[in-house]
Structures are given as structure tokens and as C-alpha cells.
Amino acid sequence: MRYHNITKADMLNGDGLRVVLWVSGCSHCCKDCQNPITWDPNGGLIFDEEAKQEVFEELSRDYISGLTLSGGDPLYFSNRTDIGKLVREVKEKFPTKTIWLYTGFVWESICNLELIKYLDVLVDGEFIVEQKDNQLHWRGSKNQRVIHVPDSLEQGKVIPHCE
């Protein structure tokens, strides 16, 4: 897996102060995407042990609420195995921290992936510029959903995350 940036103490990509890992690779290529530089799966840097330790060091801080995975698309096909390993390890090492994941895929097409059970919140759906709304919390366009993953898995239907 490759990544472009690790943002520390971010307040825009989930609740609380978060560490954000911006991964490389996206097949959605949404019009007016905020991050088209991350589309290329070969762009950025290799997510190696040093980068992972940087993420873990930030997550160890009391004031950090958790990890957000964005990009690009963390669920781009070549990212899924490494993202699965990362979220599993984060949940083991930091069980009180939340994990948010932004993806252009919709819940119904990915809810059966093994890694989903390690997430707390999933923001799904492609960004659609014609549905852009700057008043929305944690999403860019009205079609995107902020999904509470544990409740959605338990109830077998999409349950919104409370804003």
C-alpha cells in the first residue's frame, strides 16, 4: 500500500481530534475531487513500518480520538488487504480509539468485507459535485452517508452515525 500524507490532530475528517492516513489509489475519479493527486495507486510513499509507527505514536496520545482512513480510496482493490491488517492492529493496540473510513464504494457492496467489522464509522459513496453541500457534517455531497458500522452490522441495515 502507498500513501500521500499522515495528518495529525485533524478536526475535519471525523469526530474529535484524529490522525488521518491519506492512501493512494482510487478508481472512482470523482469530478472536482478534493484530492485527485491520490488517485494513482503508484503515487506517494510506501506505507512501511516507519509510517505505521508514526500513526501509532499519534494514536497513543490521550487527546487523539482515533484514526481516519481516506485518500484516494482505502478500499481501492489493491489497498484492501493492507487496510484490513492495519485496522485489525489498531483495534488491538488502541481499543478505545475509533476508526473512520471514507470510501467511494457504497455500503451494500462492501458490508461483507472482513475489515468492515473493525470500523466504527464508514462514510460511503462517491463525491457528486452537483450534490455538494458545505453544511453537511463529515461528508461532501448529499448522496454520501455517515454510517454507524457496529449498529448497521447488528441490525442488517444502514444506521446513520449521530452527528
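Below is a summary of the structure that appears in this document. (Residues numbered from 1 in each chain as written. Predicted model: local features only at pLDDT ≥ 70, side-chain atom pairs only at ≥ 80, totals over all residues. Heavy atoms only, no water.)

1. Some points on the environment of R88
Along the chain, R88 turns up in helix α2 (residues 80-93). Under the relative-accessibility criterion, R88 is labelled partly exposed at 29%. Each C-alpha atom of the pair R88 and W100 lies 13 Å from the other, and the pair is 12 residues apart in sequence. (Helix = DSSP H or I, 4+ residues; strand = E, 2+ residues; numbered from the N terminus. Buried < 20%, exposed > 50% of the residue type's maximum accessible area, 1.4 Å probe, protein only.)

2. Quick look at the nonpolar core
By size, the foremost hydrophobic cluster in this structure holds 32 residues, and its most contacted members are L21, L59, L67, L69, L119 and L122. Elements with a minimum of two residues in this core: β1 (2-10), β2 (17-23), α1 (49-59), β4 (64-71), α2, β5 (98-102) and α3 (107-110). With near-sequence residues (within four places) excluded, L59 lies in contact with V19, I64, G66, L67, V90, F94 and K97. Counting residues in hydrophobic clusters, the runner-up holds 6 residues, among them W100, Y102, V121 and W138. (Core = buried A, V, L, I, M, F, W, Y, C linked by side-chain atoms within 4.5 Å. Contact = heavy atoms within 4.5 Å.)

3. Digging into the environment of D120
Structurally, D120 can be placed in the loop between α3 and β6 (121-124). Those residues in contact with D120, other than ones at most four positions away along the chain, are K91, K97, T98, I99, I147, H148, V149 and P150.

4. Some details on the side chain of T38
Note on placement: T38 falls in the loop between β2 and β3 (45-46). Taking relative accessible area as the criterion, T38 reaches 1% and is therefore assigned buried. Within the structure, T38 has its side chain in polar contact with the backbone oxygen of N35 (distance 2.7 Å). Setting aside anything within four residues of it in sequence, one finds T38 in contact with H4, V23, S24, G25, C26, G71 and G72. (Polar contact = N/O pair within 3.5 Å; in protein donor to acceptor, adjacent residues only side chain to side chain.)

5. Some words on the pairing of β2
By the criterion of burial, β2 is predominantly enclosed, with 6 of the 7 residues buried. Inspection of the sheet shows β1 paired to β2 by 5 bridges, in the antiparallel sense. Along β2, the bridge assignment pairs T7 with V20. Connecting the antiparallel pair β1 and β2 is a turn made up of 6 residues, with G14 showing a positive phi of about 125°. (Pairing = 2+ DSSP bridges.)

6. Points about the layout of surface pockets
In this structure, the largest pocket encloses a volume near 670 Å³. Elements represented by at least two residues in the lining of the largest pocket include exactly β4 and β6. Approximately 160 Å³ is the volume found for the second largest pocket. Taken together, M1, F47, D48, E49, K52, D82, K85, L86 and E89 form the lining of the second largest pocket. Elements with a minimum of two residues in the lining of the second largest pocket: α1 and α2. (1 Å grid on protein atoms, 1.4 Å probe; cavity = no way out; pocket = protein on both sides within 12 Å on 5 of 7 lines; lining within 4 Å. Points joined across faces, edges and corners; volume = space filled by probe spheres on them.)

7. Considerations on the packing of aromatic side chains
Taken as a whole and judged by the stated rule, the model has 4 aromatic pairs. With 5.7 Å between their ring centres and 65° between their planes, F56 and F94 make a pair best called edge-to-face. Of the two residues, F56 sits in helix α1 while F94 sits in the loop between α2 and β5, which places them 38 residues apart along the sequence. In terms of burial, F56 and F94 fall into one category: buried. For the ring pair F77 and F105, a centre distance of 5.5 Å and an interplane angle of 75° mean the geometry is edge-to-face. (Phe/Tyr/Trp six-rings, centres within 6.5 Å; stacked < 30°, edge-to-face > 60°.)

8. Some words on the pairing of β4
Counting buried residues along β4, 7 of its 8 residues qualify, which places the element largely inside the surrounding structure. One ladder, built from 7 bridges, connects β2 with β4; its direction is parallel. Each residue of the ladder has a partner; that of L21, found in β4, is L69. As paired strands, β4 and β5 are joined by 4 bridges and run parallel to one another. Bridging across to β5, T68 finds its partner in W100. Read from β4 through α2 to β5, the crossover connection turns out right-handed. (Right-handed = clockwise from strand over helix to strand, strands pointing away.)

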